[in-house]
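Now for the letters of each chain:
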Amino acid sequence: MAQNEPTVAVTRRNFTTEYHHDTYKRLQARLPNAAASGKSVLLTGAGKGIGISIALAFARAGPRVIFLCGRTRATLEETRAKILKESPTIRAEVIVVDIGKGVAECLQALAAARNLDSGRSVDILINNAAYLASARVVGDDDSLAHVQEQFEANWKHYEVNVKGSLALATAFLRNCVPSNPVIINISSGAAVLDYVPGIGCYASSKLATLKMYSDLSFEETARGSRIFHLHPGSVQTAMSAPGASSPDTGTHTRVPLD
Ligand SMILES: NC(=O)c1ccc[n+]([C@@H]2O[C@H](COP(=O)([O-])OP(=O)(O)OC[C@H]3O[C@@H](n4cnc5c(N)ncnc54)[C@H](OP(=O)(O)O)[C@@H]3O)[C@@H](O)[C@H]2O)c1
């Protein structure tokens, strides 16, 4: 980092005065109305971090079936086992998919979900999977090999977080019968913070998806689709842990993402 470079720059004011670290009372009272009984849910990034908690929370809301998606079958099976331990009557199915591969791969995943659920389409899509590598555009090491490696690590944010999110939404909306489908996009504060060192491409990719899904909510008004953005706050996961390595690049993350 250059000597006079700011660590994090925030010029906007928070619009919330209170922070919660658990399901707070007022929200708890509303949860019975939020039951997902009879619904099917497809969640990406279900094998790790925040995705595990989302999977368990949705399973508690009693859906018809929950599809656990990601690239690693073993971690998805672990989440499935956790769900069945806590909610033995819930149907949880594992679907291996790499959203970064694009729309054909995502269409296949949605088709697999349909086949597993007697031809019924998915009701709720949760776009949670994402990629983060802390990679400066040109850092202290400006050797060709390193700069190229950093470029690939930076570009991958758009492959997974933007192309993957678009592919997933496309496949979901193409497959769903018009019955008020719901999309929940897991966004990030990084998208709207002015500056966090080393994650410009992660932040801009999350901002692109925020805008893409927001526009989609207008495009989808006619058939009653509802699209929500959810910012999870700062959560200690593989993605946010200071010094943690991204399994994809071996580069290092350095900052919390709230
Ligand atoms: N942690 C935070 O503080 C924080 C803050 C703000 C926003 N968020 C957002 O919260 C969401 C979850 O983050 P997390 O912290 O839980 O991250 P994480 O622990 O690194 O989990 C990321 C998940 O995405 C999956 N994934 C990555 N690339 C994929 C691909 N190409 N295709 C399919 N699945 C893929 C991973 O599974 P496989 O590797 O098995 O595919 C993993 O399950 C992300 O959207 C992130 O931007 C997190």
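Residues numbered from 1 in each chain as written. Predicted model: local features only at pLDDT ≥ 70, side-chain atom pairs only at ≥ 80, totals over all residues.

In the nomenclature of an unreviewed UniProt entry, the chain corresponds to NAD(P)-binding protein from the organism Aspergillus calidoustus. Quoted verbatim from the Sequence similarities (unreviewed entry) field of UniProt, the annotation for the chain is "Belongs to the short-chain dehydrogenases/reductases (SDR) family." (UniProt positions renumbered as here; feature names shortened; annotations may be inferred.)

Enquirer: Could you give an account of the overall build of the chain, naming the residues involved and the relevant values?
Expert: Secondary structure assignment for the chain yields six helices and six strands. Along the chain, helices and strands appear, N-terminal first, in the series α-β-α-β-α-β-α-β-α-β-α-β. In the chain, of all internal contacts separated by at least 6 residues, the share reaching a separation of at least 24 is 72%. (Helix = DSSP H or I, 4+ residues; strand = E, 2+ residues; numbered from the N terminus. Contact = placed C-beta atoms within 7 Å.)

Enquirer: I'd like a description of the site of the ligand, backed by residues and values.
Expert: Residues in contact with the ligand amount to 34 residues; listed here are only the nearest, Gly45, Gly49, Arg71, Thr72 and Thr237. When contributions to the shell around the ligand are tallied by element, the ones reaching two or more residues are helix H2 (49–60) and helix H5 (144–175). Here the shell around the ligand gets three residues from one element, more than from any other, and that element is H2. Of the residues assigned to the shell around the ligand, the class counts are 14 nonpolar, 15 polar and five charged. (Near = placed C-beta within 6 Å. Nonpolar A, V, L, I, M, F, W, Y, C, P; charged D, E, K, R; others polar.)

Enquirer: Requested: an account of the environment of aspartate 98, with residues and values cited.
Expert: You can see aspartate 98 is positioned in the loop between strand S3 (92–96) and helix H4 (103–116). For the pair aspartate 98 and cysteine 69, spaced 29 residues apart in sequence, the C-alpha to C-alpha distance is 8.7 Å.

Enquirer: Tell me what's going on with the packing of H5 against helix H6 (residues 200–219), and back it up with residues and numbers.
Expert: The contact between H5 and H6 brings their axes to 8 Å, and the two run at 15 degrees. Compared by their axis directions, H5 and H6 come out roughly parallel. Pair H5 / H6 crosses with right-handed handedness. Taken together, the residues of H6 that come into contact with H5 (itself represented by Asn154, His157, Tyr158, Asn161, Val162, Ser165, Leu166 and Ala169) are Cys201, Tyr202, Ser205, Lys206, Ala208, Thr209, Met212, Tyr213 and Leu216. Taken together, the residues of the contact of H5 with H6 break down into ten nonpolar, six polar and one charged. (Axes fitted to C-alpha atoms, helices over the stretch in contact; angles between N-to-C directions. Parallel < 35°, antiparallel > 145°, perpendicular 65-115°, else oblique. Left-handed = near helix turned anticlockwise from the far one by under 90°.)

Enquirer: Quick one: what's the story with the environment of arginine 114, residue by residue and with numbers?
Expert: Within the element layout of this structure, arginine 114 appears in helix H4. Note on arginine 114: 16 C-beta atoms within 10 Å, which makes it partly exposed. For the pair formed by arginine 114 and asparagine 175, sequence separation is 61 residues and the distance between their alpha carbons is 8.5 Å. Those residues in contact with arginine 114, other than ones at most four positions away along the chain, are Gly119, Arg120, Ser121 and Asn175. (Buried ≥ 20, exposed ≤ 12 C-beta atoms within 10 Å, placed from the backbone.)

Enquirer: Go over the sheet that holds strand S4 (residues 124–127) with me, naming the residues and quoting the values.
Expert: Pairing in this open sheet of six strands is parallel, and the strands run S3-S2-S1-S4-S5-S6 from one edge to the other. At either margin of the open sheet sits one strand with a lone partner, and together these are S3 and strand S6 (226–230). Here the strands of the sheet are splayed against their neighbours by 15 degrees on average, with no regard to which way each runs. Where strand S1 (residues 40–44) lies against S4, three bridges are found, and the strand directions are parallel. Within S4, the residue paired with leucine 43 across the bridge is isoleucine 126. Of the strands in this sheet, strand S2 (65–70) and S3 touch helix H3 (residues 73–86), which is tilted by about 170 degrees from S3. In this fold H5 packs onto S1, S4 and strand S5 (182–186), with an angle of close to 175 degrees to the strand it touches most, S4. (Pairing = 2+ DSSP bridges.)

Enquirer: Give me H2: which residues, what numbers.
Expert: Spacing of three or four residues puts side chains on the same side of an α-helix, whose turn is 3.6 residues. Over its twelve residues, H2 extends 18 Å from the first C-alpha to the last, a length consistent with the 16 Å expected when each residue adds 1.5 Å. Taken as a whole, H2 has its buried residues at Gly49, Gly51, Ile52, Ile54, Ala55, Phe58 and Ala59. Buried residues along H2 sit against S1, S2, H3, S3 and S4. Within two residues after H2, glycine 62 carries a phi angle of roughly 70 degrees, on the positive side. (Expected span 1.5 Å × (residues − 1).)

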